[in-house]
Amino acid sequence: MPAPLQPIEVREFTRPELAPGSMLLRTVRSEVCGTDVHLWHGRLAGVPYPIIPGHVSAGTVMELRGRVSSIDGNPVRAGDRVAFFDVHRTCGRCRACIVHRTPTRCPSRRVYGITDSAGEGLFGGWSQAIYLEPGVVTAVLPDAVSFDDYIGGGCGLITAVHILERAALRPGDSVLVQGIGAVGLSVIALARLGGAAAVLAIGAPDQRLALARGMGADHVYDLPNTTARDRLDAVRSLTHGEGVDVVIEAAGSSRAFEEGLMLVRDGGRYVVAGHYTDAGPATINVHEQINRKHLEIRGCWGSEPGHFVQALSLLNRHVVDVPWKQIGQRTYPLDGLNEALDAAATMRITKALVDPWM
Ligand SMILES: [Zn+2]
Ligand SMILES: [Zn+2]
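Residues numbered from 1 in each chain as written. Chains lettered and ligands numbered in written order. Predicted model: local features only at pLDDT ≥ 70, side-chain atom pairs only at ≥ 80, totals over all residues. Heavy atoms only, no water.

A.B. asks: Can you help me understand the overall build of the chain in this one?
C.D. replies: Counting secondary structure elements, the chain contains ten helices and 15 strands. On C-alpha atoms alone, the chain measures out to a radius of gyration of 20 Å, which is about the 21 Å that the 2.2 N^0.38 rule sets for 358 residues. With respect to the three principal axes, the spread of C-alpha positions in the chain is 60 × 40 × 40 Å. The 358 residues of the chain split such that 54% are buried. With 35 positive and 37 negative side-chain charges, the chain shows a spacing of 4 Å between the two charge centroids. (Helix = DSSP H or I, 4+ residues; strand = E, 2+ residues; numbered from the N terminus. Rg over C-alpha atoms; globule rule 2.2 N^0.38 Å. Buried < 20%, exposed > 50% of the residue type's maximum accessible area, 1.4 Å probe, protein only. Lys, Arg positive; Asp, Glu negative; His and termini not counted. Charge placed at Lys NZ, Arg CZ, Asp CG, Glu CD.)

A.B. asks: Would you explain the side chain of Asp-245 in this entry?
C.D. replies: Among the structural elements, Asp-245 can be located in strand S11 (residues 244-249). Overall, Asp-245 belongs to the buried group, its relative accessible area being 14%. A distance of 2.8 Å separates the side chain of Asp-245 from the backbone nitrogen of Ser-174, its partner in a polar contact. (Polar contact = N/O pair within 3.5 Å; in protein donor to acceptor, adjacent residues only side chain to side chain.)

A.B. asks: I keep staring at the coordination of the zinc ion (ligand 2) and nothing clicks. Help me out?
C.D. replies: Put simply, a metal with four donors set out as a tetrahedron has ideal angles of 109.5 degrees, and one with six donors set out as an octahedron has ideal angles of 90 or 180 degrees. The zinc ion (ligand 2) binds to the protein through Cys-33 (SG), His-55 (NE2) and Cys-155 (SG); the donor distances cover 2.0 to 2.2 Å. On the primary sequence, the residues serving as donors to the zinc ion (ligand 2) are separated as C-x21-H-x99-C. Within this pair, whereas Cys-33 is found in the loop between strand S1 (23-32) and helix H1 (34-40), its partner His-55 is found in the loop between H1 and strand S2 (58-64), the two being separated by 22 residues in sequence. The pair formed by Cys-33 and His-55 is uniform in burial state, with each residue classed as buried. (Donors = N, O, S within 2.8 Å, 3.2 Å for Na, K, Ca; no water.)

A.B. asks: Would you explain the packing of aromatic side chains in this entry?
C.D. replies: The geometry of an aromatic ring pair is captured by two quantities: the separation of the ring centres and the angle between the planes. What the rule picks out here adds up to six aromatic pairs. Each ring, one from Phe-257 and one from Tyr-270, has its centre 5.3 Å from the other, and the planes form 10°; the classification is stacked. Remark: Tyr-270 occurs in strand S12 (residues 264-272) and Phe-257 occurs in helix H7 (residues 254-263); sequence separation between them is 13 residues. Residues Tyr-276 and Trp-301 carry aromatic rings whose centres are separated by 4.8 Å and whose planes lie at 15° to one another, so their mutual orientation is stacked. Of this pair, Tyr-276 sits in the loop between S12 and helix H8 (286-291) while Trp-301 is found in the loop between strand S13 (296-299) and helix H9 (305-318), placing the two residues 25 residues apart along the sequence. The ring of Trp-357 has Arg-26 lying over it, and the distance from NZ or CZ to the ring centre is 3.9 Å. It is Arg-81 that lies over the ring of Phe-147; its NZ or CZ is 4.9 Å from the centre. (Phe/Tyr/Trp six-rings, centres within 6.5 Å; stacked < 30°, edge-to-face > 60°. Lys NZ or Arg CZ within 6 Å of the ring centre and 35° of its normal.)

A.B. asks: Before we go on, may I ask you to explain the coordination of the zinc ion (ligand 1) in this structure?
C.D. replies: Protein coordination at the zinc ion (ligand 1): the donors are Cys-91 (SG), Cys-94 (SG), Cys-97 (SG) and Cys-106 (SG), at 2.3 to 2.4 Å from the metal. Angles of 104 to 117° at the metal separate the four donor atoms of the zinc ion (ligand 1), which places the site in the tetrahedral class. (Tetrahedral: all angles 85-135°; square planar, octahedral: opposite > 155°, others 65-115°.)

A.B. asks: Explanation requested: the nonpolar core in the structure shown.
C.D. replies: Residues Val-32, Trp-126, Tyr-150, Ile-188, Phe-308 and Trp-324 are the most contacted members of the largest nonpolar core, which totals 96 residues. Within the second largest apolar cluster, 16 residues are counted, among which are Leu-176, Ala-234, Val-247 and Phe-257. (Core = buried A, V, L, I, M, F, W, Y, C linked by side-chain atoms within 4.5 Å.)

A.B. asks: Please clarify how the pairing of strand S9 (residues 198-203) should be interpreted in this entry.
C.D. replies: Residues in a regular strand project their side chains so that they alternate between the two faces of the sheet. The buried fraction of S9 amounts to five of the six residues, a majority that puts the element mostly inside the structure. As paired strands, strand S8 (residues 174-178) and S9 are joined by five bridges and run parallel to one another. Paired with Val-175 across the two strands is Val-199, which belongs to S9. Note on the crossover from S8 through helix H4 (residues 182-193) to S9: the handedness is right-handed. Where S9 and strand S10 (residues 219-222) come together, four bridges link them in parallel fashion. (Pairing = 2+ DSSP bridges. Right-handed = clockwise from strand over helix to strand, strands pointing away.)

A.B. asks: Teacher, can you tell me more about the side chain of Arg-208 here?
C.D. replies: Looking at where Arg-208 falls in the secondary structure, it is placed in helix H5 (residues 206-215). Although buried, Arg-208 forms no salt bridge, and the nearest oppositely charged side chain, Asp-206, lies 11 Å from it. Residues within four places of Arg-208 in sequence aside, it is in contact with Ile-180, Gly-181, Leu-185, Met-347, Ile-349 and Thr-350. (Salt bridge = Lys/Arg side-chain N within 4 Å of Asp/Glu carboxyl O. Contact = heavy atoms within 4.5 Å.)

This is the structure we're talking about:
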C-alpha cells in the first residue's frame, strides 16, 4: 500500500537476514479487515506508508535462527503452523505498561501491517513471507484449527476477547451488539459462550444478519429497515422495559453511540470499541444518560498477548460449534487486493481473506 487512496502494488523484496531469535514465516493466510480499509482511506494518523498491510496473519515456519520459543515455552521448528501476535515492541517499562497496566497505550508499541513501514522489511501479511523479529509472541496453531478458521476469526476475534473482558459479563446478562462486522460477530459468539441470557444485534445487510444468528444472536434488527424507535421498543419489550445490561458498540458510528445510551439499562455497562478512527462528535445528555442513569462507559483499545492466546483456546474448543470460518467469505490473491479492499469498503463481503501464493 504505497499511500492512501493509491492502488495496491505488488513489489519484490530481498530475503531478509535473520537476527538471532527471529524467523521467517511462509504466509498461508492474511485478511482484509476494517482497519485496512481505514488505512487505505488514509484515516489513521502516523502510518509510515508505504506499508505491507495484513496485521493478523498466519503461516508455516520457513526458516528460523537460533532457539525460538512459542508463548507456551516450547521450541518452534521449521514447518510448524504458526500464528503470531501482531503487536510488538511494547516496552514493559513505561507508565502505561507498568504503572497504569494499560500496555495497549504504550507509546513504543508497534503493530505489524499498520505502524511498521515496508521500508523496514516484511512486516505485514499481504506478502508471501513475514519476518517475525525477536520477541514477537508466537503460538503453534492447534491441530483442530485450520488457517481459514484462524483468519475467519482473525483480528475481530482477538478484539472481541478484550471487549468481553472490558464488559465484565455476568451469567444471565442481556447483551446488545451494535455492528455486525468481524468484531461484532465474534462478540456475539463470545457473549453466548460467556453465559448471556439474551444476545441482540443491530446491523446490515441481510447476509450478515443471517451470520449473526449463526454466531448465536437471538434477535437481530436490520439497521436500514427499522427506526431507532422500533429498536428501542423491541429491546424494552424483551427486558422488562429496562434496556439491556450490556451494550457493545462495534459499529464506528456516532449515531450508534447515541442510540446505545438509550438501549442500555440504568446502572448498565457500555463498551465502546468500534471507533478505531475519528467518526466525529456525538450528542449526549450527561445528566440523563450518564449521571442519573448511573451508567458505566468503557473504551477498549487494541489487545494484549493474553487476548491472542485466549482466542486460540476458544478456537480450539469451539471451532466445531461457532462458524468463524464463514466470516471469511472469499480468498484473494495479491493482485486481487484492490478488488478485495473495494468489496470490504462497500460491505459487499463480510471479510476477504488473502492467500499470497494463490
Ligand atoms: Zn510501554
Ligand atoms: Zn484488523
